[in-house]
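So the chains spell out like this:
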Amino acid sequence: MNQSFETLAIHAGQEPDPRTGAVIPPIYATSTYAQDGVGGTREGYEYSRTKNPTRAALEDCLAALEGGRRGFAFASGMAAEDTLLRTLCQPGDHVVIPDDAYGGTFRLFSKVAARWGLSWTAAKLSDVDSVRAALTDSTKLVWCETPTNPLLSIADITALAGLTHEHGAKLVVDNTFASPYLQRPLQLGADVVVHSTTKYLGGHSDVVGGALVVDDDETAEAIAFHSNSMGAVAGPFDAWLTLRGAKTLAVRMDRHCDNAERVAAFLANHDAVASVLYPGLETHPGHETAAKQMRRYGGMVSFRLAAGTDAAVRVCDRAKLFTLAESLGGVESLIEHPGRMTHASAAGSPLEVPNDLVRLSVGIENVDDLLADLDQALA
Ligand SMILES: *Cc1c(COP(=O)(O)O)cnc(C)c1O
(Lines give C-alpha, C1' and ligand atoms only; values in the text may rest on other atoms or scores of the structure.)
Protein backbone atom coordinates (compact mmCIF):
# COMPACT_ATOMS: atom_id res chain seq x y z
CA MET A 1 0.00 0.00 0.00
CA ASN A 2 1.32 3.43 -0.92
CA GLN A 3 0.83 5.35 2.30
CA SER A 4 1.09 9.06 2.79
CA PHE A 5 3.70 10.80 4.90
CA GLU A 6 1.54 11.38 7.98
CA THR A 7 0.55 7.70 8.08
CA LEU A 8 4.10 6.44 7.59
CA ALA A 9 5.34 8.72 10.38
CA ILE A 10 3.04 6.91 12.81
CA HIS A 11 3.21 3.35 11.48
CA ALA A 12 6.34 2.65 9.41
CA GLY A 13 8.61 0.13 11.13
CA GLN A 14 6.13 -0.24 13.99
CA GLU A 15 3.94 -3.33 13.88
CA PRO A 16 2.33 -4.19 17.24
CA ASP A 17 4.61 -6.54 19.20
CA PRO A 18 3.73 -10.12 18.07
CA ARG A 19 3.96 -11.56 21.60
CA THR A 20 2.13 -8.95 23.71
CA GLY A 21 0.37 -6.75 21.19
CA ALA A 22 2.19 -3.68 22.58
CA VAL A 23 1.29 -0.92 20.13
CA ILE A 24 4.51 0.98 20.71
CA PRO A 25 7.86 -0.74 20.06
CA PRO A 26 9.41 -1.41 23.47
CA ILE A 27 12.75 -0.01 24.57
CA TYR A 28 14.90 -3.11 24.08
CA ALA A 29 17.52 -2.38 26.74
CA THR A 30 19.63 -5.40 25.97
CA SER A 31 23.17 -5.76 24.72
CA THR A 32 22.88 -9.38 23.60
CA TYR A 33 20.37 -11.99 22.40
CA ALA A 34 19.95 -15.69 23.15
CA GLN A 35 20.73 -17.93 20.19
CA ASP A 36 18.88 -21.13 19.31
CA GLY A 37 21.99 -23.27 18.95
CA VAL A 38 25.39 -21.99 17.77
CA GLY A 39 24.89 -19.41 15.03
CA GLY A 40 21.10 -19.64 15.34
CA THR A 41 20.13 -16.01 15.80
CA ARG A 42 16.50 -14.90 15.77
CA GLU A 43 15.99 -12.47 12.87
CA GLY A 44 19.72 -11.70 12.90
CA TYR A 45 19.81 -10.25 16.41
CA GLU A 46 23.11 -11.14 18.04
CA TYR A 47 24.58 -7.97 19.61
CA SER A 48 23.08 -4.48 19.95
CA ARG A 49 25.91 -2.53 18.34
CA THR A 50 25.06 -4.45 15.19
CA LYS A 51 21.28 -4.53 15.50
CA ASN A 52 18.68 -3.61 18.13
CA PRO A 53 14.89 -3.84 17.62
CA THR A 54 14.09 -0.34 18.96
CA ARG A 55 16.77 1.19 16.76
CA ALA A 56 15.62 -0.94 13.81
CA ALA A 57 12.07 0.43 14.20
CA LEU A 58 13.40 3.99 14.05
CA GLU A 59 15.65 3.17 11.09
CA ASP A 60 12.78 1.65 9.10
CA CYS A 61 10.58 4.66 9.90
CA LEU A 62 13.27 7.15 8.82
CA ALA A 63 13.86 5.24 5.58
CA ALA A 64 10.12 5.34 4.81
CA LEU A 65 9.87 9.07 5.59
CA GLU A 66 12.78 9.91 3.27
CA GLY A 67 11.54 7.52 0.58
CA GLY A 68 14.80 5.52 0.81
CA ARG A 69 15.57 1.83 1.05
CA ARG A 70 17.65 1.83 4.27
CA GLY A 71 18.02 4.10 7.31
CA PHE A 72 20.70 4.11 10.00
CA ALA A 73 20.43 5.76 13.40
CA PHE A 74 23.44 7.18 15.23
CA ALA A 75 24.30 8.65 18.62
CA SER A 76 24.33 12.18 17.12
CA GLY A 77 24.27 14.00 13.81
CA MET A 78 28.05 14.32 13.98
CA ALA A 79 28.42 10.57 14.55
CA ALA A 80 26.32 9.99 11.42
CA GLU A 81 28.49 12.41 9.44
CA ASP A 82 31.76 10.90 10.67
CA THR A 83 30.58 7.38 9.84
CA LEU A 84 29.46 8.50 6.40
CA LEU A 85 32.64 10.26 5.42
CA ARG A 86 34.75 7.29 6.49
CA THR A 87 32.43 4.97 4.58
CA LEU A 88 32.61 6.91 1.32
CA CYS A 89 36.06 8.54 1.43
CA GLN A 90 39.65 7.62 2.05
CA PRO A 91 42.80 9.65 2.70
CA GLY A 92 43.70 11.66 -0.42
CA ASP A 93 40.10 12.28 -1.41
CA HIS A 94 38.54 15.72 -1.70
CA VAL A 95 35.10 16.99 -0.69
CA VAL A 96 33.17 20.16 -1.49
CA ILE A 97 31.40 21.66 1.53
CA PRO A 98 29.05 24.65 1.79
CA ASP A 99 30.67 28.00 2.55
CA ASP A 100 28.02 28.39 5.25
CA ALA A 101 28.01 24.79 6.51
CA TYR A 102 26.75 23.87 9.97
CA GLY A 103 29.65 24.77 12.32
CA GLY A 104 30.11 21.22 13.57
CA THR A 105 30.27 19.91 9.99
CA PHE A 106 32.92 22.51 9.13
CA ARG A 107 34.90 21.53 12.23
CA LEU A 108 34.65 17.82 11.35
CA PHE A 109 36.08 18.43 7.87
CA SER A 110 38.60 21.15 8.73
CA LYS A 111 39.94 19.84 12.06
CA VAL A 112 39.32 16.08 12.11
CA ALA A 113 38.97 14.67 8.59
CA ALA A 114 41.74 16.98 7.29
CA ARG A 115 44.17 15.39 9.76
CA TRP A 116 43.15 12.01 8.37
CA GLY A 117 44.09 13.17 4.84
CA LEU A 118 40.80 14.41 3.41
CA SER A 119 40.99 17.81 1.71
CA TRP A 120 38.05 20.18 1.31
CA THR A 121 36.95 23.30 -0.54
CA ALA A 122 34.19 25.59 0.68
CA ALA A 123 31.88 26.63 -2.18
CA LYS A 124 28.73 28.68 -2.49
CA LEU A 125 26.21 25.86 -2.90
CA SER A 126 23.45 28.19 -4.09
CA ASP A 127 25.63 28.84 -7.15
CA VAL A 128 26.17 25.73 -9.32
CA ASP A 129 29.14 27.37 -11.11
CA SER A 130 30.89 27.91 -7.79
CA VAL A 131 30.47 24.19 -7.03
CA ARG A 132 31.70 23.22 -10.52
CA ALA A 133 34.81 25.35 -10.00
CA ALA A 134 35.51 23.63 -6.68
CA LEU A 135 35.46 20.07 -8.11
CA THR A 136 38.81 18.32 -8.54
CA ASP A 137 39.83 14.94 -9.95
CA SER A 138 39.78 13.56 -6.40
CA THR A 139 36.37 14.92 -5.39
CA LYS A 140 34.32 12.09 -3.90
CA LEU A 141 31.51 14.05 -2.26
CA VAL A 142 29.58 17.24 -2.60
CA TRP A 143 28.10 18.04 0.81
CA CYS A 144 24.97 20.13 0.60
CA GLU A 145 22.78 21.82 3.19
CA THR A 146 19.57 23.49 2.13
CA PRO A 147 18.26 25.64 3.73
CA THR A 148 21.61 26.50 5.33
CA ASN A 149 22.39 27.48 8.87
CA PRO A 150 22.13 30.31 9.84
CA LEU A 151 21.84 32.22 6.55
CA LEU A 152 18.94 30.15 5.14
CA SER A 153 20.36 30.07 1.65
CA ILE A 154 18.93 27.56 -0.81
CA ALA A 155 20.77 25.09 -3.06
CA ASP A 156 19.14 23.47 -6.09
CA ILE A 157 19.37 19.76 -5.21
CA THR A 158 18.44 18.50 -8.70
CA ALA A 159 21.05 20.71 -10.38
CA LEU A 160 23.75 19.73 -7.89
CA ALA A 161 22.91 16.03 -8.28
CA GLY A 162 23.34 16.36 -12.07
CA LEU A 163 26.69 18.11 -11.75
CA THR A 164 27.98 15.80 -9.02
CA HIS A 165 27.05 12.61 -10.88
CA GLU A 166 28.55 13.89 -14.15
CA HIS A 167 31.77 14.17 -12.16
CA GLY A 168 31.50 10.63 -10.75
CA ALA A 169 31.00 11.89 -7.19
CA LYS A 170 28.14 11.50 -4.72
CA LEU A 171 25.75 14.16 -3.46
CA VAL A 172 25.08 14.22 0.28
CA VAL A 173 22.24 16.40 1.55
CA ASP A 174 21.97 17.41 5.20
CA ASN A 175 18.17 17.59 5.44
CA THR A 176 18.05 18.64 9.09
CA PHE A 177 16.54 22.10 8.56
CA ALA A 178 13.77 21.03 6.18
CA SER A 179 12.98 17.57 7.60
CA PRO A 180 11.59 14.89 5.25
CA TYR A 181 8.11 16.40 5.56
CA LEU A 182 9.18 19.51 3.66
CA GLN A 183 11.90 18.11 1.36
CA ARG A 184 12.93 14.65 0.13
CA PRO A 185 16.42 14.88 -1.36
CA LEU A 186 16.68 11.24 -2.52
CA GLN A 187 13.79 11.86 -4.89
CA LEU A 188 15.58 14.94 -6.23
CA GLY A 189 18.69 12.90 -7.07
CA ALA A 190 20.76 12.98 -3.87
CA ASP A 191 22.67 9.82 -2.93
CA VAL A 192 22.65 10.15 0.85
CA VAL A 193 20.48 12.08 3.30
CA VAL A 194 21.99 13.14 6.63
CA HIS A 195 20.00 14.20 9.69
CA SER A 196 20.60 15.59 13.07
CA THR A 197 17.45 13.95 14.49
CA THR A 198 18.15 16.12 17.55
CA LYS A 199 16.25 18.86 15.70
CA TYR A 200 12.86 18.54 13.93
CA LEU A 201 12.64 14.75 13.76
CA GLY A 202 12.99 14.36 17.53
CA GLY A 203 11.26 17.69 17.87
CA HIS A 204 11.16 18.12 21.65
CA SER A 205 14.73 19.15 22.58
CA ASP A 206 15.06 16.06 24.76
CA VAL A 207 17.38 13.77 22.79
CA VAL A 208 20.55 13.96 20.65
CA GLY A 209 20.69 11.71 17.59
CA GLY A 210 21.63 11.42 13.95
CA ALA A 211 20.66 9.44 10.88
CA LEU A 212 21.67 8.45 7.37
CA VAL A 213 19.23 7.33 4.69
CA VAL A 214 20.16 5.88 1.29
CA ASP A 215 18.30 4.32 -1.60
CA ASP A 216 20.88 1.89 -2.98
CA ASP A 217 21.93 -1.44 -1.49
CA GLU A 218 25.64 -1.06 -2.14
CA THR A 219 25.96 2.18 -0.13
CA ALA A 220 23.62 0.73 2.51
CA GLU A 221 25.84 -2.33 2.97
CA ALA A 222 28.94 -0.15 3.23
CA ILE A 223 27.29 2.08 5.85
CA ALA A 224 26.05 -0.95 7.80
CA PHE A 225 29.60 -2.33 7.86
CA HIS A 226 31.13 0.95 9.04
CA SER A 227 28.36 1.67 11.52
CA ASN A 228 28.99 -1.70 13.14
CA SER A 229 32.78 -1.33 12.90
CA MET A 230 32.87 2.21 14.32
CA GLY A 231 30.01 1.72 16.77
CA ALA A 232 28.56 5.25 17.03
CA VAL A 233 24.99 3.89 17.02
CA ALA A 234 21.89 5.29 18.74
CA GLY A 235 21.03 3.66 22.07
CA PRO A 236 17.56 2.12 22.51
CA PHE A 237 16.23 4.89 24.82
CA ASP A 238 17.33 7.58 22.38
CA ALA A 239 15.92 5.67 19.41
CA TRP A 240 12.59 5.31 21.24
CA LEU A 241 12.37 9.02 22.03
CA THR A 242 13.21 9.95 18.45
CA LEU A 243 10.61 7.55 17.09
CA ARG A 244 8.03 9.04 19.45
CA GLY A 245 8.88 12.53 18.20
CA ALA A 246 8.77 11.54 14.53
CA LYS A 247 5.11 10.48 14.81
CA THR A 248 3.99 14.12 15.02
CA LEU A 249 6.49 15.54 12.54
CA ALA A 250 3.89 16.50 9.91
CA VAL A 251 1.57 18.38 12.27
CA ARG A 252 4.45 20.06 14.07
CA MET A 253 6.11 21.14 10.82
CA ASP A 254 2.90 22.67 9.51
CA ARG A 255 2.57 24.75 12.66
CA HIS A 256 6.29 25.67 12.61
CA CYS A 257 5.79 26.91 9.03
CA ASP A 258 2.57 28.82 9.85
CA ASN A 259 4.29 30.59 12.74
CA ALA A 260 7.56 31.24 10.90
CA GLU A 261 5.69 32.83 7.98
CA ARG A 262 3.95 35.21 10.38
CA VAL A 263 7.21 35.99 12.20
CA ALA A 264 9.07 36.63 8.92
CA ALA A 265 6.33 39.00 7.72
CA PHE A 266 6.33 40.82 11.07
CA LEU A 267 10.11 41.29 11.04
CA ALA A 268 10.13 42.37 7.39
CA ASN A 269 7.88 45.29 8.39
CA HIS A 270 9.81 46.28 11.50
CA ASP A 271 11.97 49.44 11.43
CA ALA A 272 14.70 47.95 13.62
CA VAL A 273 15.23 45.10 11.16
CA ALA A 274 17.52 45.63 8.15
CA SER A 275 16.73 42.35 6.38
CA VAL A 276 14.94 39.06 6.95
CA LEU A 277 16.37 35.76 5.69
CA TYR A 278 13.48 33.37 5.11
CA PRO A 279 13.09 31.30 1.92
CA GLY A 280 9.32 31.77 2.05
CA LEU A 281 9.67 35.49 1.33
CA GLU A 282 9.45 36.33 -2.36
CA THR A 283 12.40 38.69 -1.90
CA HIS A 284 14.64 35.78 -0.84
CA PRO A 285 17.12 34.93 -3.67
CA GLY A 286 16.41 31.20 -3.26
CA HIS A 287 12.62 31.51 -3.11
CA GLU A 288 11.92 30.01 -6.54
CA THR A 289 14.19 27.02 -6.01
CA ALA A 290 12.74 26.48 -2.54
CA ALA A 291 9.22 26.59 -3.98
CA LYS A 292 10.24 23.92 -6.51
CA GLN A 293 11.81 21.46 -4.08
CA MET A 294 10.14 22.13 -0.71
CA ARG A 295 6.55 21.61 0.41
CA ARG A 296 6.80 24.74 2.61
CA TYR A 297 9.65 26.90 3.90
CA GLY A 298 10.38 25.67 7.41
CA GLY A 299 10.54 27.05 10.92
CA MET A 300 13.92 28.83 10.88
CA VAL A 301 14.07 32.60 10.41
CA SER A 302 17.20 34.76 10.59
CA PHE A 303 17.34 38.56 10.51
CA ARG A 304 19.87 41.37 10.62
CA LEU A 305 19.51 44.40 12.85
CA ALA A 306 19.67 47.87 11.33
CA ALA A 307 21.63 49.14 14.37
CA GLY A 308 24.34 46.43 14.18
CA THR A 309 25.95 43.96 16.56
CA ASP A 310 24.98 45.48 19.91
CA ALA A 311 21.35 45.66 18.83
CA ALA A 312 21.44 41.99 17.81
CA VAL A 313 22.87 40.95 21.19
CA ARG A 314 20.28 43.14 22.96
CA VAL A 315 17.33 41.47 21.17
CA CYS A 316 18.66 38.05 22.20
CA ASP A 317 19.03 39.20 25.82
CA ARG A 318 15.60 40.86 25.97
CA ALA A 319 13.51 38.07 24.43
CA LYS A 320 11.60 36.17 27.12
CA LEU A 321 9.35 33.61 25.46
CA PHE A 322 12.07 32.88 22.88
CA THR A 323 14.63 31.07 25.07
CA LEU A 324 18.22 32.14 24.50
CA ALA A 325 19.81 28.83 23.52
CA GLU A 326 21.64 26.93 20.81
CA SER A 327 19.98 24.14 18.81
CA LEU A 328 16.65 24.26 16.96
CA GLY A 329 13.67 22.29 15.78
CA GLY A 330 11.90 21.75 19.10
CA VAL A 331 8.34 22.73 19.94
CA GLU A 332 9.62 25.69 21.98
CA SER A 333 10.91 28.87 20.32
CA LEU A 334 14.62 29.64 20.62
CA ILE A 335 16.69 32.71 19.82
CA GLU A 336 20.44 32.98 19.42
CA HIS A 337 23.32 35.16 18.22
CA PRO A 338 25.22 32.96 15.72
CA GLY A 339 28.32 35.21 15.69
CA ARG A 340 28.91 34.70 19.42
CA MET A 341 27.19 31.34 19.95
CA THR A 342 26.74 28.56 17.37
CA HIS A 343 29.16 30.06 14.85
CA ALA A 344 31.74 31.66 17.16
CA SER A 345 34.34 29.08 16.06
CA ALA A 346 33.86 30.16 12.42
CA ALA A 347 35.28 33.66 13.06
CA GLY A 348 38.10 34.38 10.60
CA SER A 349 37.17 31.36 8.42
CA PRO A 350 35.24 31.30 5.12
CA LEU A 351 32.19 30.49 7.26
CA GLU A 352 32.20 33.64 9.39
CA VAL A 353 28.67 35.06 9.80
CA PRO A 354 27.64 38.72 10.16
CA ASN A 355 27.58 39.93 13.78
CA ASP A 356 24.29 41.81 13.39
CA LEU A 357 22.54 38.48 12.69
CA VAL A 358 19.94 36.87 14.97
CA ARG A 359 18.61 33.34 14.36
CA LEU A 360 15.19 32.16 15.47
CA SER A 361 13.90 28.62 15.74
CA VAL A 362 10.20 29.43 15.65
CA GLY A 363 8.29 26.99 17.85
CA ILE A 364 4.67 25.97 17.87
CA GLU A 365 3.41 28.26 20.66
CA ASN A 366 0.58 30.67 19.92
CA VAL A 367 1.95 33.00 17.25
CA ASP A 368 0.51 36.17 18.78
CA ASP A 369 2.48 35.48 21.95
CA LEU A 370 5.62 35.02 19.85
CA LEU A 371 5.06 38.28 17.95
CA ALA A 372 4.42 40.17 21.21
CA ASP A 373 7.70 38.87 22.62
CA LEU A 374 9.68 39.92 19.52
CA ASP A 375 7.96 43.29 19.55
CA GLN A 376 9.04 44.04 23.13
CA ALA A 377 12.55 42.67 22.50
CA LEU A 378 12.99 44.95 19.46
CA ALA A 379 11.50 48.05 21.13
C1 LIG B 1 22.73 20.10 14.77
C2 LIG B 1 23.15 19.89 13.37
C3 LIG B 1 24.09 18.91 13.04
C4 LIG B 1 24.81 18.09 14.07
O5 LIG B 1 23.97 17.22 14.76
P6 LIG B 1 24.16 16.79 16.30
O7 LIG B 1 22.97 15.95 16.55
O8 LIG B 1 24.21 18.05 17.11
O9 LIG B 1 25.45 16.04 16.39
C10 LIG B 1 24.38 18.72 11.69
N11 LIG B 1 23.80 19.46 10.74
C12 LIG B 1 22.91 20.42 11.02
C13 LIG B 1 22.29 21.23 9.91
C14 LIG B 1 22.54 20.67 12.35
O15 LIG B 1 21.66 21.64 12.62
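Here, every reference points to the structure presented above.
Procedures and definitions
- Residues numbered from 1 in each chain as written.
- Predicted model: local features only at pLDDT ≥ 70, side-chain atom pairs only at ≥ 80, totals over all residues.
- Heavy atoms only, no water.
- Helix = DSSP H or I, 4+ residues; strand = E, 2+ residues; numbered from the N terminus.
- Rg over C-alpha atoms; globule rule 2.2 N^0.38 Å.
- Contact = heavy atoms within 4.5 Å.
- Areas by Shrake-Rupley, 256 points an atom, 1.4 Å probe, with all protein chains shown as cover.
- Lys, Arg positive; Asp, Glu negative; His and termini not counted.
- Charge placed at Lys NZ, Arg CZ, Asp CG, Glu CD.
- Near = heavy atom within 4 Å.
- Polar contact = N/O pair within 3.5 Å; in protein donor to acceptor, adjacent residues only side chain to side chain.
- Salt bridge = Lys/Arg side-chain N within 4 Å of Asp/Glu carboxyl O.
- Buried < 20%, exposed > 50% of the residue type's maximum accessible area, 1.4 Å probe, protein only.
- Pairing = 2+ DSSP bridges.
- Axes fitted to C-alpha atoms, helices over the stretch in contact; angles between N-to-C directions.

*Asks:* How do you make sense of the overall build of the protein chain when you look at a structure like this?
*Replies:* Helices and strands together make up the secondary structure of the protein chain, namely 13 helices and twelve strands. Relative to the globule expectation of 21 Å for 379 residues, the C-alpha radius of gyration of the protein chain, 21 Å, shows essentially globular dimensions. Principal axes of the C-alpha set define a box for the protein chain whose edges measure 75 × 50 × 35 Å. Summarising the internal contacts of the protein chain: among those between residues at least 6 apart in sequence, 72% fall at separations of at least 24. In the form shown here, the protein chain has an accessible surface area of approximately 15700 Å², with 50% of it arising from carbon and sulfur atoms. The positive charge centre, built from 31 side chains, and the negative charge centre, built from 47, are 4 Å apart in the protein chain.

*Asks:* Teacher, can you tell me more about the site of the ligand here?
*Replies:* Close to the ligand lie 14 residues; Gly77, Asp174, Ser196, Thr198 and Lys199 are nearest. Serine 196 places a polar side-chain atom, nitrogen or oxygen, 2.8 Å from an oxygen atom of the ligand. Between the ligand and lysine 199, the relevant distance is 2.8 Å, taken from an oxygen atom to a side-chain nitrogen or oxygen of the residue. Computed on the free molecule, the ligand has an accessible area of 380 Å², of which 92% lies beneath the protein chains in the complex. Of the residues forming the shell around the ligand, the biggest block, three residues, is contributed by helix 3 (residues 77-88).

*Asks:* What is the right way to read the pattern of salt bridges from this model?
*Replies:* Oppositely charged side chains can form a pair if their charged atoms are brought close together. Evaluated as defined, the whole model comprises 15 salt bridges. Between arginine 296 and glutamate 261 there is a salt bridge, and its shortest N-O distance comes to 3.1 Å. Highlighted residues: arginine 296 in the loop between helix 11 (287-293) and strand 9 (300-305) and glutamate 261 in helix 10 (residues 249-268), separated in sequence by 35 residues. You can call arginine 296 buried: its relative accessible area is 18%. Several salt bridges converge on common partners, so that one network encompasses Asp254, Asp258, Glu261 and Arg296.

*Asks:* Any chance you could explain the sheet that holds strand 1 (residues 70-74) here in plain terms?
*Replies:* Neighbouring strands of a sheet are bound in pairs by backbone hydrogen bonds; such pairs are parallel or else antiparallel. Strand order in this open sheet of seven strands is 1-7-6-5-4-2-3, and the pairing throughout is mixed. Both outer strands of the open sheet, strand 1 and strand 3 (119-123), are each paired with one neighbouring strand and no more. For this sheet, the mean angle separating the axes of adjacent strands, direction not counted, is 20 degrees. Sitting on the sheet, helix 8 (residues 217-230) touches strand 1, strand 5 (170-174), strand 6 (192-196) and strand 7 (210-214), and the angle it makes with strand 1 is about 20 degrees.

*Asks:* Looking at this model, I keep getting lost on the environment of leucine 160. Mind explaining?
*Replies:* In this structure, leucine 160 sits in helix 6 (residues 157-166). A relative accessible area of 0% means that leucine 160 is categorised as buried. Remark: the alpha-carbon pair of leucine 160 and threonine 121, spanning 39 residues in sequence, is separated by 16 Å.

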